[in-house]
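# Results of the structural survey
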Amino acid sequence: AQSVTQLDSQVPVFEEAPVELRCNYSSSVSVYLFWYVQYPNQGLQLLLKYLSGSTLVKGINGFEAEFNKSQTSFHLRKPSVHISDTAEYFCAVSERGGGADGLTFGKGTHLIIQP
Amino acid sequence: DGGITQSPKYLFRKEGQNVTLSCEQNLNHDAMYWYRQDPGQGLRLIYYSQIVNDFQKGDIAEGYSVSREKKESFPLTVTSAQKNPTAFYLCASSAILGGPPSGYTFGSGTRLTVV
């Protein structure tokens, strides 16, 4: 079975500074990887996903993530954050060939943007 | 526009009462899921369904029940056996369980409070 670890529960960052949200996964088979964003009292919205091909994936709102197979990581980055990026971010993994119960989510990282 | 509709947005339950949360999708997705979200705990899978009239328990199914009589509907009942039901509940769907994933589409959630 797969698992996901988000190493930071909270990340405070000043506005216009760069940010990296860390995600590591564990799986015995190849995986698909996802990042989702959740604004207060809302559902989750897909930011980006890695299925195959280029290890650098670009998503919405200026975010990107890099898949590193040797380090089993899929860290999310943004070169310059805005107040509107304040939200909860979730990393998720799905095993290729189909895990019986779909995606496994990390516990989330709360990104706090300080003016 | 296609999407997932969860209702109600807020729900209050008295001790010993069963309540049902609605989830409807018009995306023609095969798979549907229910998650529970508590602060700092991420998303925990309650039940999932791959096809009509079939569903599987997730990690925390005790005290919950579901049905899948129609492809577009997957209601969740929180029974009196669930001792701590206060939480944010999220419904999601995906096109093909186990195939190349497009990711999940989430509803906007139902916040359930025991009074």
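This write-up is about the structure you can find in this document. (Residues numbered from 1 in each chain as written. Chains lettered and ligands numbered in written order. Predicted model: local features only at pLDDT ≥ 70, side-chain atom pairs only at ≥ 80, totals over all residues. Heavy atoms only, no water.)

### Some thoughts on the state of the cysteines
- Within the structure shown, the criterion is met by two disulfides over all chains.
- With a sulfur-sulfur separation of 2.0 Å, Cys23 of chain A is cross-linked through a disulfide to Cys91 of chain A. With the S-S bond torsion at -65°, the cross-link from Cys23 of chain A to Cys91 of chain A turns out left-handed. Placement of Cys23 of chain A in the loop between strand S3 (19–21) and strand S4 (24–26) and of Cys91 of chain A in strand S10 (residues 87–95) is noted, with a sequence separation of 68 residues between them.
- Disulfide pairing places Cys23 of chain B opposite Cys91 of chain B at an S-S distance of 1.9 Å. Sign of the S-S torsion, about -75° for the bond between Cys23 of chain B and Cys91 of chain B, identifies this disulfide as left-handed. Residue Cys23 of chain B is found in strand S3 (residues 19–25), and its partner Cys91 of chain B is found in strand S9 (residues 87–94); the two are separated by 68 residues along the sequence.
- The class of Cys23 of chain B is buried, set by a relative accessible area of 0%. (Disulfide = S-S within 2.5 Å. Helix = DSSP H or I, 4+ residues; strand = E, 2+ residues; numbered from the N terminus. Buried < 20%, exposed > 50% of the residue type's maximum accessible area, 1.4 Å probe, protein only.)

### Brief notes about the packing of aromatic side chains
- Summed over the entire model, instances satisfying the criterion amount to 17 aromatic pairs over all chains.
- Relative to Tyr35 of chain B, the ring of Phe105 of chain A has its centre 5.4 Å away and its plane inclined at 85°; by these criteria the two rings are edge-to-face. Separated into two different chains, Phe105 of chain A in strand S11 (residues 104–105) and Tyr35 of chain B in strand S4 (residues 31–38) make up a pair that spans both. Accessibility assignment for this pair places Phe105 of chain A and Tyr35 of chain B in one class, buried.
- Ring plane angle 25° and centroid distance 6.5 Å describe the contact between Tyr33 of chain B and Tyr48 of chain B, whose orientation is recorded as stacked. With Tyr33 of chain B in strand S4 and Tyr48 of chain B in strand S5 (residues 42–51), this residue pair connects regions lying 15 residues apart in the sequence. The two residues Tyr33 of chain B and Tyr48 of chain B agree in class, both being buried.
- Arg68 of chain B extends its terminal NZ or CZ atom over the ring of Phe74 of chain B, reaching a point 6.0 Å from the ring centre. (Phe/Tyr/Trp six-rings, centres within 6.5 Å; stacked < 30°, edge-to-face > 60°. Lys NZ or Arg CZ within 6 Å of the ring centre and 35° of its normal.)

Limitation: the analysis is restricted to geometry and does not speak to function.
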